[in-house]
Each structure stands twice: as C-alpha cells, then as structure tokens.
Amino acid sequence: MKLSPVCTVVIAPVRWSVVRICRYLLLIIGFTICGDGLAADESVQGEPSLEAANRLFAIGNHEAAERAFRELLATDLAPPLRGKATFNLGHTLKHLGRYDEAIMVFKSLIGQPVDDLEPGGHLMESYRNYRPRAQWEIGNSLFAKGDFAGARDAYEKSRKKYPFQSWCGNERAYHNYRYAFYDGICLEYLGRPAEAVIAYYQAAFPTSALYFSSDAHFRILNLYEAAGQLPALLSILDEIDGRYFSMIEMMANIHERELNPEEVEAFRPTYVIRRLLELRRLGEEERRDVLMDVVRIQGQDGVPHRDRGNWEVIEAVRLLALTPEESTADLLAALNDPAEAFSHGWMMHALGVCGTQEGLSWLKKRAAREKNIWAAQSLIYSISMGGKRGKHVIDELEKFAEHNLASAINGYRQGRFSTPVTPSPPRNIPKGFRLPESLAELDEEFAYEQSLPESVEIDSSSPKALVKSLLLKTVVREAKNPGGINAPWPSREWNDPMLRFKINAIRYQSDSEAEVDFELGLPNQMEPTTYILKKTAGEWRVSSVFIPGRGTFELPSPQ
C-alpha cells in the first residue's frame, strides 16, 4: 500500500520549549481514532457506535471499521457526529488504499453543515476544522496515488479556501510550516527542485520561532548535496546567520540587554543543517566512536519507534549503517557492556538499521526474553529496519511469541509503528539542475530589504514624488532600524521591517491642491490611505491624511 507523505513533528533535543511540552502533551492525550482522525468528545460519548468504530480502527481492523462507520452514517445523526463519522470513514478508506473512494467521502464532508469552529477534542486542537482537515486529506490521498500536481493543488486550496483556524500561535505556526513543507514535497516529486528548495526554506526558517521540524532542513541539505552545490548552501547559511545576528544585536540594543554569545550561537537558525554537515563529515572519516556517542541516550529504552525529536541520533544511525559490519561490532560491544544498560534503545535501533546477520541474531535473542511492552515494541521496530533479514527474524519470533512480544509483533503487522524522520534522497531530480545560490533567491523579503537604499531625500517637486519619497523613507527607516518609528501621520506606528507601499491614483483638484490614494502595510495587510496635498512657495506639502474608518487628520505646518 502506498503511503502519504509524513510531515514529522521534530523538535531539537537541546531546545526544551513550550512547543515541545505541548507536543508531548498532544502525544499523551492523543486522538480516539489516530493522529489525523477526529475523536469523539463529551457531546457524542453517549453514542457507542462511533466509539466502537474508532476502536476497530485503532486496533488495525480497518475493514470492520469501514462497515461500522457506514452503518453509523446510514442512521439519522446530528451534524457534529455525522461530520466525525464521515471524516473517519474517509480516513479509514485512505488507510485501506482506496484513495478515490476516500476523496469522494472527504468531498462530501466539505458540503455538510458542520461547524469548523466547533471546539476541538484536546489541548492542541483549538477547533475541529472539518473542512480544512477534509481538504487536506484530499491532498494526502492524491499524493498517495502519485498525482503530485493534483495533490499540490489540493494543499493550496486548503491554504487559500479552507485554512486551518486556531487561536493558538503554535498551532498556526505548525499549519504554516505544513503548507510550505508539503508544497516543497510536491514540487520535488514533480522534478522542480529549485522551487522545492524555496518552499523548504519557507518551512525551515520563517516558521521556526514557534514551530520546529528537521524535515525541511534534511531535504534542503540533501538537494544541495545532490546538485553538488554545498559551497552555495554554506554561503546562504552565512547570510541567514548574519541577518539573525544583526536582528538579535539590534533588539538587544533597543531593550538595553546584554547578549550571551553562547546562547545566541546555540539558537541560530542554521544550527540543524550545520550539525548535519558535521555529522556527515564524521561519517566520511568513519569516526564511529563519535557517532556512537551521539547514539548513546540515557533512559531511552522503548522510545525509538515513537520518538520524533532526536534528528541528530537518526542521522548518526544512518551514518553508522554505511559501514554495517564495523558498526555492528562496535554496537554489540557497547550493548554487552553492563555500564551501557541505560542507553540501549537507540543502539538497538542502530543495530537493526545496520541489518547484519550477527546484529539481528542478537536482537532476536533479546526480543525472545523481553517482558516489557515498550521495550518489546522497540525491539520489533528495530528488527523491522533490517530489511528482508529483519522480516524473516520477525516471522521466526512470531511462531512462539506470547503476551507483550506477541502484541508488539501484532502492532508491527498492523502498521502501528510510526517511522521517525529519515533523510530520504531527493526524488525525480533532473540532471544538471541549478539551485538558488543566494538568500535573495530564496527569500523575497530579504531581496526586497536588500534593494532598499540606505537613505532617502524628500522630493517635494510633485505630489507623486513627495508621497513616494515619504513612503519610501518610512519603509527604509523600518527596514534599516525597526522598533516603532512614527509614520508620517498621527496616532499610528509600525514595528515591522517589511512594510510595502503602492500608489494607486493621483487627483488634482487645482494647480495647488491634489489627493494621492495609496496603500501601506505588510505584504498581505495593505491599508488604504489618502494624502491631501497643497502647494506652498513652489513645494508640495501634506496638509491632511484620510484613513478609511478612522477619519481625517490635520498635519501641522510646516511638514
């Protein structure tokens, strides 16, 4: 069965934040049906049929779950319950690989009288978002079919027509990340790597303040490696860091705060890619001792099949597997050392990924006597990473497995183990492609900022020249020195370096009076305004400002 692309939630291990705490709470709370399903809540807990269908899905009995959802939908249901059952039926059909049927079900949900702003089912789901979720799953289903152009259109429709609604900044940041990341995935699969890199950049960097995932960083690095353009990538990383360091220094000066150089360095936005490059250099040098130190994580038994935050370890494991025989010897030596007893989880995972006969035999013996359910799941997941050899080992274990080991194997058979981030190679990359070589090619905001002059002289020779120079001066001041500089009208301040302006019309009332209509604001939040100008002693001056909905403001003279 084809799988839809996985947008993995990953948070840097060293960066414990509100985002990570909330994400772990989300994993604890969970969904009734699955991570992408719509759970029942108090309003429908009295309806056992929905709960029963959800349980069938949760244990992997998708055929029975489909029948249960269809039987439920054949009855008279209130809109909220019908919406949940419809979505979960579509989700079930998608898991069964019946993508066209799933798409039809999701489309039917979009036309139902559901309330997208209905309160969500847990802490990290502000609203139900029926239509946005359904439209998003249409994109996932098309992607799973291999219709990448159709999937991209569906994701874009979700962003523009059915955007996810939330009052939570973290959740909004997550969805903004997802819009950009999946756009990049589709472009990459369509063989348009240069555009994909731009989308991944938007996912990896602008959203990272509230939401972080390593997926986009992996894909950016892999594309530049495939293109043989690592020097260009390093130059871009330097530009990104330079912009970041300048901003941090400027804000510290504004707030009269001293900077801690170590903290600034640790949180610079290019940390992930630079660390991945460092690990790959260690892999090329076959520094397995250092990579082994990365894999040693205390107290992580049973976690690798569920952990989505250890991108450094995931990369170190991949690099160790490039020399499987040698790495297996190192891993077995560590695993047989009693002093390493509390760091077995990821080392066993690495042993499985190496896929050697010796390593899988060790895992098989360990699994055969394992009693703990989480450790059993971790072992079966690790063994499954060993390719055909690993699957053969699981088949042999299944013959005598009981209790928790049998449950772990059953979970593996049902596809219930999520896969962590894998630094997968680029897809459908044409020969001789060229990726952006400067930050200005990736970031239009940065390009716009770079195009601005250092200073602007006011030109009062004509109404258009005056207004253009005034607005440009305002924009330049914000871009070069943001922090709440007064705009050229009363009672309004801006605090963003990316102001834009657009002059729409000029109307001359007489030789000495004129009106200029323009818009000023952020790229997606332009506000209309009118300047009323008068000519005095051969020079044009702004006499008043009209702001729709706010009224007219007289300006003192001289300007």
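Residues numbered from 1 in each chain as written. Predicted model: local features only at pLDDT ≥ 70, side-chain atom pairs only at ≥ 80, totals over all residues. Heavy atoms only, no water.

### Details of the overall build of the chain
- Of the regular secondary structure elements, the chain holds 24 helices and seven strands.
- The buried share of the chain, taken over its 559 residues, is 50%.
- Excluding contacts between residues fewer than 6 apart, the proportion of contacts in the chain whose partners are at least 24 apart in sequence is 61%.
- Counting every atom, the chain has about 26,500 Å² of accessible surface; 51% of that belongs to carbon and sulfur. (Helix = DSSP H or I, 4+ residues; strand = E, 2+ residues; numbered from the N terminus. Buried < 20%, exposed > 50% of the residue type's maximum accessible area, 1.4 Å probe, protein only. Contact = heavy atoms within 4.5 Å. Areas by Shrake-Rupley, 256 points an atom, 1.4 Å probe, with all protein chains shown as cover.)

### Describing the environment of Ile59
- Note that Ile59 resides in the loop between helix H2 (48-58) and helix H3 (62-73).
- What makes Ile59 partly exposed here is its relative accessible area of 47%.
- With 352 residues separating them along the chain, Ile59 and Gly411 place their C-alpha atoms 8.1 Å apart.

### Some remarks on the pattern of salt bridges
- Under the definition given, this model contains 39 salt bridges.
- Here Glu312 and Arg275 are joined by a salt bridge, their closest N and O atoms 2.6 Å apart. Separated by 37 residues along the polypeptide, Glu312 in helix H15 (residues 311-320) and Arg275 in helix H13 (residues 271-284) bring together distant segments of the chain.
- For the salt bridge of Arg287 with Asp289, the shortest nitrogen-to-oxygen distance reads 3.2 Å.
- In this structure Arg287 comes out as partly exposed when scored by relative accessible area, which is 35%. (Salt bridge = Lys/Arg side-chain N within 4 Å of Asp/Glu carboxyl O.)

### Some details on the packing of aromatic side chains
- On inspection of all chains with the given rule, the structure shows 17 aromatic pairs.
- Arranged with centres 5.3 Å apart and planes meeting at 40°, the rings of Tyr201 and Phe205 form a pair that is tilted. In this pair, the class of Tyr201 matches that of Phe205, namely buried.
- These aromatic residues form a ring-pair network of at least three members: Trp136, Tyr155, Phe164, Tyr177, Tyr179, Phe181, Tyr182 and Tyr200. (Phe/Tyr/Trp six-rings, centres within 6.5 Å; stacked < 30°, edge-to-face > 60°.)

### Remarks on unusual backbone geometry
- With phi around 55°, Asn129 is a residue other than glycine that occupies positive phi space.
- Counting through the fold element by element, Asn129 comes out in the loop between strand S2 (125-127) and helix H6 (130-145).
- Phi is positive for Glu286, close to 55°, though the residue is something other than glycine.
- As for its placement among the helices and strands, Glu286 is situated in the loop between H13 and helix H14 (288-295).

### Examining helix H8 (residues 169-189)
- A rise of 1.5 Å per residue sets the reference length of H8, with its 21 residues, at 30 Å; its end C-alpha atoms lie 30 Å apart and thus fit the reference within 8%.
- Among the 21 residues that make up H8, 18 are buried, leaving the element largely enclosed by the rest of the structure. (Expected span 1.5 Å × (residues − 1).)

### A short note on the sheet that holds strand S3 (residues 500-510)
- Taking strand neighbours across the sheet as the criterion, the five strands line up as S3-S4-S5-S6-S7 in an open arrangement whose pairing is antiparallel. Both edges of this open sheet fall to S3 and strand S7 (551-554), since each of them pairs with a single strand only. Across the sheet, the mean angle separating the axes of adjacent strands is 30° when strand polarity is ignored.
- Relative to strand S6 (residues 539-547), strand S5 (residues 525-536) runs antiparallel, the two sharing seven bridges. Directly across from Lys535, in S6, lies its bridge partner Trp540. (Pairing = 2+ DSSP bridges. Axes fitted to C-alpha atoms, helices over the stretch in contact; angles between N-to-C directions.)

### Points about the confidence of the model for the chain
- On average, residues of the chain score 82 in pLDDT, and 81% of them reach the 70 mark or higher.
- In the model, residues 1-35 has pLDDT below 50 throughout and makes 98 contacts with residues more than four positions away in sequence or in other chains.
- Note on residues 41-47: pLDDT is under 50 here. Beyond four places in sequence and across chains, it has eight contacts. (pLDDT = per-residue confidence, 0-100.)

### Side note on a nonpolar patch on the surface
- Nonpolar side chains collect at one region of the surface, where Met247, Met251 and Ile254 lie side by side and expose about 250 Å² of accessible area between them.
- Along the chain, Met251 falls in helix H11 (residues 230-254). (Patch = residues over 30% accessible without salt bridge, like charges linked within 9 Å, V, L, I, M, F, W, Y side chains within 5 Å.)

### Some remarks on the packing of helix H20 (residues 387-398) against helix H21 (residues 403-413)
- For the pair H20 and H21, the least separation of the axes is 10 Å and the interaxial angle reads 135°. As far as their axial angle goes, H21 and H20 are oblique. In this structure, H20 crosses over H21, and the sense of that crossing is left-handed. Across the interface between the two elements, Lys391, Ile394, Asp395, Leu397 and Glu398 of H20 pack against Leu405, Ile409, Tyr412 and Arg413 of H21.
- Split into classes, the residues belonging to the contact of H20 with H21 amount to five nonpolar, no polar and four charged. (Parallel < 35°, antiparallel > 145°, perpendicular 65-115°, else oblique. Left-handed = near helix turned anticlockwise from the far one by under 90°. Nonpolar A, V, L, I, M, F, W, Y, C, P; charged D, E, K, R; others polar.)

### Side note on the pairing of S3
- With nine bridges connecting them, S3 and strand S4 (residues 513-522) associate as antiparallel partners. Residue pairing across strands places Lys502 opposite Glu519, the latter belonging to S4.
- Counted along the chain from S3 to the antiparallel partner S4, the turn is two residues long.

### Notes on the nonpolar core
- Counting residues in each nonpolar core, the largest one holds 75 residues, and the members touching the most others are Phe143, Phe181, Tyr200, Ile220, Tyr224 and Ile273.
- Counting residues in hydrophobic clusters, the runner-up holds 41 residues, among them Ile297, Leu332, Tyr381 and Val393. (Core = buried A, V, L, I, M, F, W, Y, C linked by side-chain atoms within 4.5 Å.)

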